[in-house]
2 protein chains.
Amino acid sequence: MVNHMAEHTVTFDTAPQPIHVPTGTLLVEAARLAGVDIHQPCGGQGRCGRCAVVVREGTVRRRSTLRLSGEDVANGYALACQSVVEGNAFITVPPQEAIERRLTTDLTAAAVAVPAGYNPTQAQTVQRVRLSLPPPSMDDQRDDWSRLQTTLRQQAGIELIRASLAQFQQIGRALREGNWRVTAVLDADAWDCPGCPARLIDLQAGHCPEDTPLWGVAVDIGTTTVTLWLVDLLTGQARAQVAEYNRQITRGEDVISRIIYAGKNNGAVELRDLVLETINGLLETACKRVQAQPADVVKATISGNSTMIHLLLKVPAESIRLSPFVTAVNDIPTLTAREVGLNIHPEATIDCLPGVASYVGADITAGVLASGLEDSDGITLFIDVGTNGEIVLGSRDWLVTCACSAGPAFEGSGVVNGMRATKGAIEEVWVNGATFEPTYRVVGGGKPRGLCGSGLIALLAEMSLTGVVDKGGNINTVLPTPRVRLGEHGPEYVVAWADETAHGHDITITRVDVDNLVRAKAAIYAGFTVLAERVGLPLETVERVLVGGSFGKYINVEKAVEIGLLPDKPWDCFHFLGNTSVRGAYLALIDREARARVKAIAARMTYIELSADNTFYEAFTSALFLPHTDLSRFPSVQAVP
Amino acid sequence: MVNHMAEHTVTFDTAPQPIHVPTGTLLVEAARLAGVDIHQPCGGQGRCGRCAVVVREGTVRRRSTLRLSGEDVANGYALACQSVVEGNAFITVPPQEAIERRLTTDLTAAAVAVPAGYNPTQAQTVQRVRLSLPPPSMDDQRDDWSRLQTTLRQQAGIELIRASLAQFQQIGRALREGNWRVTAVLDADAWDCPGCPARLIDLQAGHCPEDTPLWGVAVDIGTTTVTLWLVDLLTGQARAQVAEYNRQITRGEDVISRIIYAGKNNGAVELRDLVLETINGLLETACKRVQAQPADVVKATISGNSTMIHLLLKVPAESIRLSPFVTAVNDIPTLTAREVGLNIHPEATIDCLPGVASYVGADITAGVLASGLEDSDGITLFIDVGTNGEIVLGSRDWLVTCACSAGPAFEGSGVVNGMRATKGAIEEVWVNGATFEPTYRVVGGGKPRGLCGSGLIALLAEMSLTGVVDKGGNINTVLPTPRVRLGEHGPEYVVAWADETAHGHDITITRVDVDNLVRAKAAIYAGFTVLAERVGLPLETVERVLVGGSFGKYINVEKAVEIGLLPDKPWDCFHFLGNTSVRGAYLALIDREARARVKAIAARMTYIELSADNTFYEAFTSALFLPHTDLSRFPSVQAVP
């Protein structure tokens, strides 16, 4: 049979040699013959988009281009499970990571770039100036401090400065050791105290070389992960980016349990010390990479949710947890590293970005700043999904925000086999629509231990698409597969059999888990609804959806739409921005104007308390459906056969 | 003989019964007959003024009224050694202390009085306000800090405040414990930072009773003595005044030796700790007297010479000692008790009064403030004599100042039998012009151990008056008295024989001592001369001479004029103001306007460096004479027979 048909030579870049296949051969089949392994998580249904390859030369017919953009196709992309050979072809197989990046629009790389048009000299709040003071004499007996101030005025145009007692103890030595030539570092932007004198951070004997970097750090304290960017303030460039688990995790996985822990005995001190250890450890690592000393760092900006900021500063956070849910302080004045306990220059200024409410913290104002939402023409939705879903809706003209108590389901808590997105977590799942057999990807490779948030979203979407669960979240127990069964907690679906797992137990998702996930996604979707209703605009008017936070970095937008977590929008409406919190802190570190903007953002954001809102409950109940009670809200999901 | 003359009844208030004496009997003789002991330190020469009594009724003829003012005579004062009975009389003998106070115009009592027209509400920089905050609710979820700030604005008219991290850690608890009623203490006068927000000092749960005192302290750190006034800021009244030796004395008696000590090993820390111990000890004592706690003290002002301020703050003082003699800082910004280490409220603001130069410190600007010199119509001279003589000359329109290296002679150093004005120091001396026998008064009574500054001045004056020394300072070795002799160090005069002294050795003054004292007084007098020359005014135009410092409290102005230490002026030109340094600190503590004034004083004072001035050396050489080479400058001394 084969001989009757035309044969074509297909060359895979990763194969030892070309193969010959007849017209109509699927690329995945050709690859198999050539000894090339192409992942097909959805089992070749053309749904997951993960078998995309690039047709460099030759003729291939694409039966389906689902998940591929027009640009992708123009660039040669084709789904290997949906494309057939119709002539000689040269195919490259992108590495798995490249595929993932293409599918999830990870802006991490872009985040490192200095903002376009950035002019460090104009934008910087920190100034380093070389001064030559007239030495004192019997004819000029001014005190060291006056002499320094006058010289700063004359040689650097800085009118007034302030210094700490510790600095007064050191000024004289620096002046004399440098033979009246010194290098001063000042922070001129007193954002907590408009019109106040510039702060003296450092005074070193002699004139330092012009090209010596001037270090600053931007820190995002996540409940789970702490991220730190080490930045050369002279250029604005991030020179090292490091992240580590927040060591507070050992004292509670979510903010509520941390607040409770902080209220016990020495808990507040312990938690403060743990996060300081984390940050100081990251500082060491980052500094080593660029051969700097932590003590060279002269400024820090810090972002994080309100609880994280309170715990860092050992400010009691109890009121965040208890009705009526207020923080001690949303907008803390500039502090010094000495006060806070950061192992950088003790006089370094530390600016915590301003928060808005107990559950809309600095991480969200930083996110709004980094995403550009606050300056957008069209109506934009910004979301950051973690234990809570924080949502901001708005444009250049207005900003409303709310936090929905989604619960920790998407962080893997409250789900029998849930876990954080660490090694062993199933982070992506595809279910074959005919066999109901799942395929999954595990963080770090190896055997799975449970399901993390993105895995749960994907699983729920796949179960819904393949009919394993119905729109009401009920598991279809009559399907012809052993994977659907009645377990201890009612109906359940087996994602991994005991012999495939790291711990030797089946990994399942139960009806109760599904309910928890549906409630979580419903809370977030209801948040969108209420915000939109509050401003009298239908969700359809939203032009862009910006997804921030590390959670957003890994989720699959199509699957999130499929379960009704994200609103049903064209693919190109969604922008996954990665860690917008650290990016916002970075902008506030390097750019005076960005600092003013984040302050203005916090002041402009109207916080809407959902727990005091009846319409929220209604919207929430309507959303307790996959994807929603009102299917007209999800036309693309409705269209899937 | 006695019978032929008219007899008169003389009644002494302290005598068991009246006595009868003839016309012409000296009052001292009458007193002796009546069994009343009247001190006659000068041996009845009518020079010392210490035998003054009050003639309540009757007729007494005053042969001489030297040392008595017209007002004294109008009030009945008479010198008992110079007045004779001419009729019945009733005489009161003032206690010795009362006499001393009258003769040395000690304004200590007046210094305690709240300034005339003082209105605490208007003048105070520290405010205590009772606030009632609207409790948070689901409809009002502002953070604690914003809530507090808004309430302060609405209920106390305070626009902006700033707080430390430690305070942010405590605000929430105070608000909730007080059920949203709190008492806030703020320092609204940021003299180091005009236009800056008010500082939050204290926030207590509940409304404190209106009459609870609000404590502040004014501290003068003298090289020898530290003085502290505990003041109720609500009324401006000093409620306790305490003083103690500066514990730094064990590490050097003068500023130079302290600076040298501070430069050794841990010397700076030791000296800082010693003065802190001194102040904190005084705080304890003062607080106990009024049943307050040191932690209740919410503000402190500190005066002292530039070295004392530097050592307190552990700011290196080495440059004060070395040419060109500059301080690290003359005008240090507001600090907190936490930074400085004072055991008062940790957030209490601490304002060090501003200095002008290395040897014209905050003690002098405080003195100018307290003395009112800076607001006087006529030309006024202000002097503060210690190791250095600090001099200010001026009026409302101008102020010039200098410091003369008088050396420590007047503090008892550099003189064989010199000592500080402590127990056992001879503080006043009279020499009988006929017998050359001395009479002296010892601090604390008891046997003498040596001579302190005021004793040395008195001794030198008496020796000069009685011819024991000539105008050139030479001891007249041919006088018919065993007290003048040739000792180990050349000619000397014995003030106390070994058997009268505490240590069993003769107390003498040598030719070398006399030289040292003459050089010291010449330096100070030359300072006056140069200051006056600099502004082109003769010393005669000086209308008032204000003597500050504890030294000034004890010296005898007439004797100081006699040796040429003070300019020759009528008695009522001199005002001995006692400790003007602590008084200035007190004014800066209680009065916003006084604070502005002392800043202006420091800025207005033109410092003249004498060591760079040739005219100083000439003036100094001319003054190396008792009282001066140019006797026309001392007409009253010239007039003494």
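Residues numbered from 1 in each chain as written. Chains lettered and ligands numbered in written order. Predicted model: local features only at pLDDT ≥ 70, side-chain atom pairs only at ≥ 80, totals over all residues. Heavy atoms only, no water.

K.L.:
Even after reading the chapter, I still don't get the state of the cysteines, so can you show me in this structure?
P.N.:
In protein chemistry, a disulfide is the covalent bond that joins the sulfur atoms of two cysteines. Evaluation of the coordinates by the stated rule reveals two disulfides over all chains. One disulfide bridge connects A:Cys193 with A:Cys196, the sulfur atoms lying 1.5 Å from each other. Pair check on accessibility: A:Cys193 and A:Cys196 agree, each one buried. Cysteine B:Cys51 remains unbridged, with the sulfur of B:Cys81 as its closest cysteine sulfur at 3.7 Å. Residue classification places B:Cys51 among the buried residues on the basis of a relative accessible area of 3%. Left unpaired, B:Cys402 is separated from the closest cysteine sulfur, that of B:Cys404, by 4.5 Å. Taking relative accessible area as the criterion, B:Cys402 reaches 0% and is therefore assigned buried. (Disulfide = S-S within 2.5 Å. Buried < 20%, exposed > 50% of the residue type's maximum accessible area, 1.4 Å probe, protein only.)

K.L.:
When you look at the domain arrangement of chain A in this model, what are you seeing that I'm missing?
P.N.:
How big an interface is tends to be reported as the loss of accessible area on association of its parts. Residues and elements named next belong to chain A. Taken domain by domain, chain A holds domain 1 (7-92), domain 2 (97-352), domain 3 (372-402 + 527-630) and domain 4 (409-517). At the junction of the two partners, domain 2 supplies 40 residues and domain 3 supplies 23 residues. Buried surface at the junction of domain 2 and domain 3, both sides included, amounts to about 2600 Å², of which 56% is carbon and sulfur. Where domain 2 meets domain 3, there are two salt bridges. The partner of Arg595 in a salt bridge is Asp351, with the nearest N and O atoms 2.7 Å apart. Taken together, domain 2 and domain 3 are joined by eleven residue pairs in polar contact (both at pLDDT 80 or more). Sorting the residues of the side of domain 2 that touches domain 3 by element identifies helix 3 (96-104), helix 4 (108-112), helix 5 (120-123), strand 10 (215-221), strand 11 (225-232) and strand 13 (297-304) as the ones contributing at least two each. The class makeup of the residues in the side of domain 2 that touches domain 3 is 21 nonpolar, twelve polar and seven charged. (Domains from an automatic or database assignment. Contact = heavy atoms within 4.5 Å. Buried area = accessible area lost by both parts, 1.4 Å probe. Salt bridge = Lys/Arg side-chain N within 4 Å of Asp/Glu carboxyl O. Polar contact = N/O pair within 3.5 Å; in protein donor to acceptor, adjacent residues only side chain to side chain. Helix = DSSP H or I, 4+ residues; strand = E, 2+ residues; numbered from the N terminus. Nonpolar A, V, L, I, M, F, W, Y, C, P; charged D, E, K, R; others polar.)

K.L.:
Any chance you could explain the side chain of B:Gln82 here in plain terms?
P.N.:
Among the secondary structure elements, B:Gln82 is positioned in the loop between strand 4 (77-79) and strand 5 (83-92). Excluding its chain neighbours within four sequence positions, the residues that come into contact with B:Gln82 are B:Leu26, B:Gly44, B:Gln45, B:Gly46, B:Arg61, B:Arg62, B:Arg63 and B:Ser64.

K.L.:
So what exactly am I meant to see when it comes to the pairing of strand 13 (residues 297-304) of chain B here?
P.N.:
In regular strands, side chains alternate between the two faces of the sheet. All names here are of chain B. In terms of burial, strand 13 is a largely internal element, eight of the eight residues being buried. The sheet contact formed by strand 10 (residues 215-221) and strand 13 spans seven bridges and is parallel. Across the sheet, Val219 pairs through a bridge with Ile302, a residue of strand 13. (Pairing = 2+ DSSP bridges.)

K.L.:
Before we go on, may I ask you to explain the sheet that holds strand 6 (residues 126-132) of chain B in this structure?
P.N.:
The strands that make up a sheet are held in pairs by hydrogen bonds between backbone atoms, and each pair lies either parallel or antiparallel. All names here are of chain B. Spatially, 6-8-9-7 is the arrangement adopted by the four strands of the open sheet, whose pairing is mixed. The open sheet has two edge strands with one neighbour each: strand 6 and strand 7 (161-162). Strands strand 6, strand 7, strand 8 (181-187) and strand 9 (198-205) of the sheet are contacted by helix 6 (residues 144-156), whose axis makes an angle of about 105 degrees with strand 6. Across the sheet, helix 7 (residues 165-177) is in contact with strand 7, strand 8 and strand 9; its angle to strand 9 comes to roughly 40 degrees. (Axes fitted to C-alpha atoms, helices over the stretch in contact; angles between N-to-C directions.)

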